[in-house]
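Results of the structural survey
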Amino acid sequence: MGNKIFVSYKYSDSDVYPLKGYKKTTARSYVDQLDQILTDEVHIYKGEDDGDDLSQFKDDTIWTKLKDKIFDSTVTIVLVSRNMRDSVPDEDQWIPWEIAYSLREKTRNDRTSRPNAVLAVVLPDKGNRYDYYIEDDTCSYCHCRTLKTGQLFGILRKNMFNVKSPSYSDCLFHTEKEPVYGGQHSYIRTVKWDAFIKDMDRHLTKALQLRDAIDRYEIHKEV
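Quick look at the structure, then. In this text, all values refer to a predicted model and were calculated from it rather than measured experimentally.

**Describing the overall build of the protein**
Helix and strand content of the protein: six helices and eleven strands. When the 223 residues of the protein are sorted by exposure, 46% land in the buried category. Here the contacts in the protein between residues at least 6 apart in sequence split such that 68% fall between residues at least 24 apart. Split by element, the accessible area of the protein, about 12,400 Å² in all, is 45% carbon and sulfur.

This is the structure we're talking about:
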């Protein structure tokens, strides 16, 4: 049985690498690409279509529609883009609420929906670079990578590096204050867009495996 997938993203963020066939590429353009991949018998896209305009509705109506889609999904993909986070408080933006609802156990009409698997897929910026968030080979010895989680929404950041019993690298070039985590250290995994679309099933499977092992993680469900 395929996975039902909800996608959370900043619709208007245009600081992303241009895609062919678009006069102006935004994060929404990448959702369109993903929708084309998911439109088969394996996976089902549960987000809104590009023609769906929710802006005409009141916030309560929008939130009800979003919750319906998330409730009926098993995986939430969060598209991380350079300008996904506005300067207003997190609680005044949609993405944190979508992630929070994805992480909760929900009951409707005697049907209970488990927390979703959540996967952070990082989009390349206009220069086709990922180092605004992912910096590779930050240590010449262990070749670790650094995730710049400080720029993320709080609920995303708190559900990364949140394994209850962490393991660490023995790299001599890292202190206790800046450890290198090993193993499955985060409930919300991070993957680059290019790697994700090359082997989507593998990355979705890993996210679902973490969902099955959710008790191993300190899950933060509040915005």
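**Digging into the packing of helix α2 (residues 59–71) against helix α3 (residues 94–102)**
Here α2 crosses α3 at 40 degrees, and the two axes come no closer than 10 Å. Judged on the interaxial angle alone, α3 and α2 are oblique. When you trace α2 past α3, the crossing you get is right-handed. Where α2 approaches α3, its residues D59, I62, W63, L66, K67, I70 and F71 are matched on the opposing element by W94, W97, E98, Y101 and S102. In the contact of α2 with α3, the residues fall into eight nonpolar, one polar and three charged.

**Remarks on the pairing of strand β1 (residues 3–8)**
Two faces make up the sheet, and in a regular strand the side chains alternate between them. Buried residues dominate β1, accounting for five of its six residues. In the sheet, β1 pairs with strand β3 (residues 75–80) via four bridges, with the strands oriented parallel. Each bridged residue has a counterpart across the sheet, and for F6 the counterpart in β3 is T76.

**Quick notes on the pattern of salt bridges**
Tallied over the full model, the rule gives twelve salt bridges. With a shortest N-O distance of 2.7 Å, R82 and D125 are connected by a salt bridge. Here R82 is found in the loop between β3 and α3, whereas its partner D125 is found in the loop between β6 (117–122) and β7 (134–135), with 43 residues between them in sequence. For R104, the salt bridge is made with E222, and the minimal N-O distance between the two is 3.6 Å. Residue R104 is found in the loop between α3 and β4 (106–108), and its partner E222 is found in the segment after α6 (200–212); the two are separated by 118 residues along the sequence.

**Things to note about the packing of aromatic side chains**
This structure, assessed with the given rule, holds seven aromatic pairs. For the ring pair F161 and Y181, a centre distance of 5.0 Å and an interplane angle of 55 degrees mean the geometry is tilted. Taken as a pair, F161 in the loop between α4 (154–158) and β9 (167–168) and Y181 in strand β10 (residues 181–182) lie far apart in primary sequence, 20 residues in all. For Y181, a relative accessible area of 27% corresponds to the partly exposed category. Ring geometry for Y187 and Y217: centres 5.9 Å apart, planes at 65 degrees, overall edge-to-face.

**Thoughts on α2**
When the terminal C-alpha atoms of α2 are compared, their 18 Å separation across 13 residues agrees well with the 18 Å that a helix rising 1.5 Å per residue should span. The set of residues buried in α2 consists of I62, W63, L66, I70 and F71. End-on view of α2: buried residues confined to an arc of 160 degrees, all on one side of the axis. Contact partners of the buried residues in α2: β1, α3, β4 and β5 (111–113).

**Looking at α6**
Relative to the 18 Å expected for 13 residues at 1.5 Å per residue, α6 spans 19 Å between its end C-alpha atoms, a close match to the ideal helical length. Every buried residue of α6 is accounted for by M200, H203, L204, A207, L208, L210 and R211. Down the axis of α6, the smallest arc covering the buried residues is 155 degrees, so these residues share one side.

About the cut-offs
Residues numbered from 1 in each chain as written. Predicted model: local features only at pLDDT ≥ 70, side-chain atom pairs only at ≥ 80, totals over all residues. Heavy atoms only, no water. Helix = DSSP H or I, 4+ residues; strand = E, 2+ residues; numbered from the N terminus. Buried < 20%, exposed > 50% of the residue type's maximum accessible area, 1.4 Å probe, protein only. Contact = heavy atoms within 4.5 Å. Areas by Shrake-Rupley, 256 points an atom, 1.4 Å probe, with all protein chains shown as cover. Axes fitted to C-alpha atoms, helices over the stretch in contact; angles between N-to-C directions. Parallel < 35°, antiparallel > 145°, perpendicular 65-115°, else oblique. Left-handed = near helix turned anticlockwise from the far one by under 90°. Nonpolar A, V, L, I, M, F, W, Y, C, P; charged D, E, K, R; others polar. Pairing = 2+ DSSP bridges. Salt bridge = Lys/Arg side-chain N within 4 Å of Asp/Glu carboxyl O. Phe/Tyr/Trp six-rings, centres within 6.5 Å; stacked < 30°, edge-to-face > 60°. Expected span 1.5 Å × (residues − 1). Arc of directions from axis to C-beta.

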